[in-house]
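# Architecture at a glance
Below are the chains, spelled out letter by letter.
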Amino acid sequence: MSLTAKDKSVVKAFWGKISGKADVVGAEALGRMLTAYPQTKTYFSHWADLSPGSAPVKKHGGVIMGAIGNAVGVIDDLVGGLSALSDLHAFELRVDPGNFKILSHNILVTLAIHFPADFTPEVHIAVDKFLAALSAALADKYR
Amino acid sequence: MVDWTDAEKSTISAVWGKVDINEVGPLALASVLVVYPWTQRYFGSFGDVSTAAAIMGNPKVAAHGKVVCGALDKAVKNMGNILATYKSLSETHANKLFVDPDNFRVLADVLTIVIAAKFGAAFTPEIQATWQKFMKVVVAAMGSRYF
């Protein structure tokens, strides 16, 4: 399900709108994932506090969303652009790639909450496709 | 199937109590058809679903959205017994409608997103967690008669 020119322009335009709140969105999406899908906590067992709004969740949510913002910038070559991150997730973090879909869902929930007017069905499908393509690129080096 | 705590039961009822089926049902089903276009295969008789605008404005889609959402009401009213409540609906979807059961999970996720958009920050992570647990049970019950 490759990204069409329209998908890319919709994603870029929407990311322009949300970039000011990206840190907040990332923090909240991560917090929602850890709360609604408790099995994902296994990857963060080294944090003292896994509750939504905690310092490590806020910080790391910002890191993740920043990386996703960078991916928008390399949307024409996600596999190439995310190669180093794929190595990291594959060989060091060893995150089961099934979890990328779970985080993507929570990002969509958070975007819908913070940008209800902008998060139209057309934006929903474009962002869903983008996150799926990003997830595939992130999983590229796994085996 | 599931032993709900009192807190979970009241959270689920509270969320559902604030959902306007006539608004959320049509929006959720239309969104599924837009975001996952292959689901249109089940709605061949619904008329024009060629564009997002056509889908969002299609009266048959809207009417069916209300039917689907209305069926969720049964689960809310029979929380201790969702498996039995959905037995015949599951059989119908399996043996007559031939709906791929993965679509139940897709609809549940989209419905959650639509509800989140409506509720805003009031749809806290904890409320989302409980609501999604309820959705998971509903989805499992709908798939229960497929084999």
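Predicted model, so just to flag it, every value in this text is computed and none were measured.

### Focus on the overall build of chain B
- The helix and strand inventory of chain B stands at eight helices and zero strands.
- Going from N to C terminus, chain B has its helices and strands arranged as α-α-α-α-α-α-α-α.
- In terms of overall dimensions, chain B is globule-like: its C-alpha atoms have a radius of gyration of 15 Å, near the 15 Å expected for 147 residues.
- By its C-alpha atoms, chain B is 45 × 40 × 20 Å across when sized along the principal axes.
- For chain B, the residues scored as buried account for 46% of the 147 residues in total.
- Intrachain contacts of chain B at a sequence separation of at least 6 include 73% that bridge at least 24 residues.
- As presented, chain B carries roughly 7,100 Å² of accessible surface, and 59% of it is formed by carbon and sulfur atoms.
- Of the charged side chains in chain B, 14 are positive and 12 negative; the average position of the first set lies 6 Å away from that of the second.

### Observations concerning the UniProt feature "domain: Globin" (unreviewed entry) in chain A
- Per the UniProt entry, the sites bearing "domain: Globin" (unreviewed entry) are residues 2-143 of chain A in this numbering.
- The span residues 2-143 of chain A carries 69% helix and 0% strand; its end-to-end C-alpha distance comes to 21 Å.

### Here we look at the interface of chain A and chain B
- Opposite the 21 residues of chain A that make contact, chain B presents 24 residues.
- Between chain A and chain B, a total of about 1,700 Å² is buried, with carbon and sulfur atoms accounting for 69% of that surface.
- Of all residues in chain A, R32, P121 and H124 of chain A give up the largest surface area on contact with chain B, accounting jointly for 27% of the area buried on that side.
- If you look at where chain A meets chain B, you find zero salt bridges.
- Summed over the shared surface of chain A and chain B, the result is six residue pairs in polar contact (both at pLDDT 80 or more).
- Put simply, the parts of the chain that give the side of chain A that touches chain B at least two residues each are helix 2 (22-36), helix 6 (98-114) and helix 7 (121-138) of chain A.
- Counting residues per element, the side of chain A that touches chain B draws most heavily on helix 6 of chain A, at seven residues.
- The residue inventory of the side of chain A that touches chain B, partitioned by class, reads 12 nonpolar, five polar and four charged.

### So, helix 3 (residues 55-73) of chain A
Residues and elements named next belong to chain A.
- For helix 3, with 19 residues, the first-to-last C-alpha span of 28 Å sits near the 27 Å given by 1.5 Å per residue.
- The set of residues buried in helix 3 consists of V57, G61, G62, M65, I68, A71 and V72.
- Against helix 1 (5-18), helix 2, helix 4 (78-81), helix 6 and helix 7 lie the buried residues of helix 3.

### Some words on the packing of aromatic side chains
- Inspection of every chain in the model, using the stated rule, returns 13 aromatic pairs over all chains.
- Both rings, one in F104 of chain B and one in Y146 of chain B, keep their centres 6.1 Å apart while their planes meet at 75 degrees; by these two values the pair is edge-to-face. In this pair, F104 of chain B sits in helix 7 (residues 102-119) while Y146 of chain B sits in the segment after helix 8 (125-143), placing the two residues 42 residues apart along the sequence.
- Considering the side-chain rings of W131 of chain B and F134 of chain B, the 5.4 Å spacing of their centres and the 55 degrees angle between planes classify their relative orientation as tilted. With W131 of chain B and F134 of chain B both in helix 8 and three residues apart, this pair spans about one turn of that helix. With respect to burial, W131 of chain B and F134 of chain B carry one shared label: buried.
- Ring-pair connections join several aromatic residues into one group, and the members of that group are F14, W15, F115, F119 and F130 of chain A.
- It is K21 of chain A that lies over the ring of F115 of chain A; its NZ or CZ is 5.6 Å from the centre.
- When the ring centre of Y42 of chain B is taken as origin, the NZ or CZ atom of R41 of chain B, which lies over that ring, is 5.1 Å away.

### Remarks on the side chain of N103 of chain B
All names here are of chain B.
- Counting through the fold element by element, N103 comes out in helix 7.
- N103 sits in the buried class, given a relative accessible area of 14%.
- At 2.8 Å, the side chain of N103 and the backbone oxygen of D100 are in polar contact.
- Setting aside its immediate chain neighbours within four residues, N103 contacts T39 and Y42.

### Some details on the pattern of salt bridges
All names here are of chain B.
- Evaluated as defined, the whole model comprises 12 salt bridges over all chains.
- Measuring nitrogen to oxygen at the nearest pair gives 3.7 Å for the salt bridge that ties K87 to E91. Taken together, the positions of K87 and E91, both in helix 6 (residues 87-95) and four residues apart, correspond to about one turn of that helix.
- In this structure K87 comes out as partly exposed when scored by relative accessible area, which is 40%.
- For E91, a relative accessible area of 24% corresponds to the partly exposed category.

Definitions and cut-offs
- Residues numbered from 1 in each chain as written.
- Chains lettered and ligands numbered in written order.
- Predicted model: local features only at pLDDT ≥ 70, side-chain atom pairs only at ≥ 80, totals over all residues.
- Heavy atoms only, no water.
- Helix = DSSP H or I, 4+ residues; strand = E, 2+ residues; numbered from the N terminus.
- Rg over C-alpha atoms; globule rule 2.2 N^0.38 Å.
- Buried < 20%, exposed > 50% of the residue type's maximum accessible area, 1.4 Å probe, protein only.
- Contact = heavy atoms within 4.5 Å.
- Areas by Shrake-Rupley, 256 points an atom, 1.4 Å probe, with all protein chains shown as cover.
- Lys, Arg positive; Asp, Glu negative; His and termini not counted.
- Charge placed at Lys NZ, Arg CZ, Asp CG, Glu CD.
- UniProt positions renumbered as here; feature names shortened; annotations may be inferred.
- Buried area = accessible area lost by both parts, 1.4 Å probe.
- Salt bridge = Lys/Arg side-chain N within 4 Å of Asp/Glu carboxyl O.
- Polar contact = N/O pair within 3.5 Å; in protein donor to acceptor, adjacent residues only side chain to side chain.
- Nonpolar A, V, L, I, M, F, W, Y, C, P; charged D, E, K, R; others polar.
- Expected span 1.5 Å × (residues − 1).
- Phe/Tyr/Trp six-rings, centres within 6.5 Å; stacked < 30°, edge-to-face > 60°.
- Lys NZ or Arg CZ within 6 Å of the ring centre and 35° of its normal.

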